[in-house]
Amino acid sequence: MKTDFDKQMKFIHEIDKMKSILRNNKTFSTARLENDAEHSWHICVMALTLMEYADCEVDIFRVIKMLLIHDLVEIYAGDVIVYKQNTEEHHNNELSAAKRIFGILPEKQSTEFFSLWQEFEKRETNDAKFARAIDRLEPIMQIHYQKGDAWVRNKITSDRIFEANKIIGDASQRLWEYAQELINECIENGYIK
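Before going into details, it helps to say that this report is about the structure given with it. (Residues numbered from 1 in each chain as written. Predicted model: local features only at pLDDT ≥ 70, side-chain atom pairs only at ≥ 80, totals over all residues. Heavy atoms only, no water.)

**Let's talk about helix α3 (residues 60-69)**
The α-helix winds at 3.6 residues per turn, so residues separated by three or four positions along the chain end up facing the same way.
At step 1: Inspection of α3 places Ile 60, Val 63, Ile 64, Met 66, Leu 67 and Ile 69 among the buried residues, and these make up the whole buried set.
At step 2: Contacts made by the buried residues of α3 are with α2 (36-50), α5 (88-102), α6 (107-122) and α7 (126-145). (Buried < 20%, exposed > 50% of the residue type's maximum accessible area, 1.4 Å probe, protein only. Helix = DSSP H or I, 4+ residues; strand = E, 2+ residues; numbered from the N terminus. Contact = heavy atoms within 4.5 Å.)

See the structure below:
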């Protein structure tokens, strides 16, 4: 019978795979694709740095926990560009992946992590709204610095970009204004239509 410690060590070993999951976005300063682990670290630091711009009170520790675990499902489900992921099949793949990855942990932690993942996905609490806003802002910033690269490669129109990212405004008007400034600069510079 495996102990809780054994399960936790197996989980820690398994999540190392996040370092190999490449995202659709390039890092700010290089031409290489970012991996999921880098993304998770970056958005956690962003949340700490930008929490004063949340329109409602948030529990930053809960926000960071959500940001650290929300993409673990991509170990099994893969990274899907946000502008194309609105399918039931994708949701079911991620749900199955969440049960699988969090199921490695002891029951109490498994339940907590799965619950936090669901909260992030549903975006019904202030913590989840802020976490999702930060998660959406970072790629916009990257794509802006890379002259619209991921949007151009994937033929994403400005209408779709605004529509998919307006949820940032549900958590922070200031961050949404900033995101819109970056998107509009990409339009003005002819990177996107």
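**Here we look at the nonpolar core**
At step 1: Judged by nonpolar contacts, the single largest core of 55 residues is most densely connected at Leu 67, Phe 102, Phe 130, Ile 134 and Trp 151.
At step 2: It is α7 that contributes the most residues to this core, nine residues altogether.
At step 3: In this view, Phe 102 contacts Phe 11, Ile 69, Leu 72, Ser 110, Phe 113, Phe 114 and Trp 117; residues no more than four positions away in its chain are not counted. (Core = buried A, V, L, I, M, F, W, Y, C linked by side-chain atoms within 4.5 Å.)

**Things to note about the side chain of Asp 36**
At step 1: Turning to its location among the elements, Asp 36 is positioned in helix α2.
At step 2: Residues contacting Asp 36, with those up to four places away along its chain left out, are Met 18, Ile 21, Arg 23, Asp 71 and Glu 74.

**Re the pairing of strand β1 (residues 22-26)**
At step 1: The pairing of β1 with strand β2 (residues 33-35) spans two bridges and is antiparallel. Across the sheet, Leu 22 pairs through a bridge with Asn 35, a residue of β2. (Pairing = 2+ DSSP bridges.)

**A few points about the packing of α3 against α7**
At step 1: Running from N to C, α3 and α7 cross one another at 50°; their axes reach a closest spacing of 9 Å. As the angle between them shows, α3 and α7 are arranged oblique. Viewed along their axes, α3 and α7 form a crossing whose handedness is right-handed. Here Ile 60, Arg 62, Val 63, Met 66 and Leu 67 of α3 come into contact with α7, specifically with Asp 127, Ala 128, Phe 130, Ala 131, Ile 134 and Asp 135.
At step 2: Class assignment for the residues of the contact of α3 with α7 results in eight nonpolar, no polar and three charged. (Axes fitted to C-alpha atoms, helices over the stretch in contact; angles between N-to-C directions. Parallel < 35°, antiparallel > 145°, perpendicular 65-115°, else oblique. Left-handed = near helix turned anticlockwise from the far one by under 90°. Nonpolar A, V, L, I, M, F, W, Y, C, P; charged D, E, K, R; others polar.)

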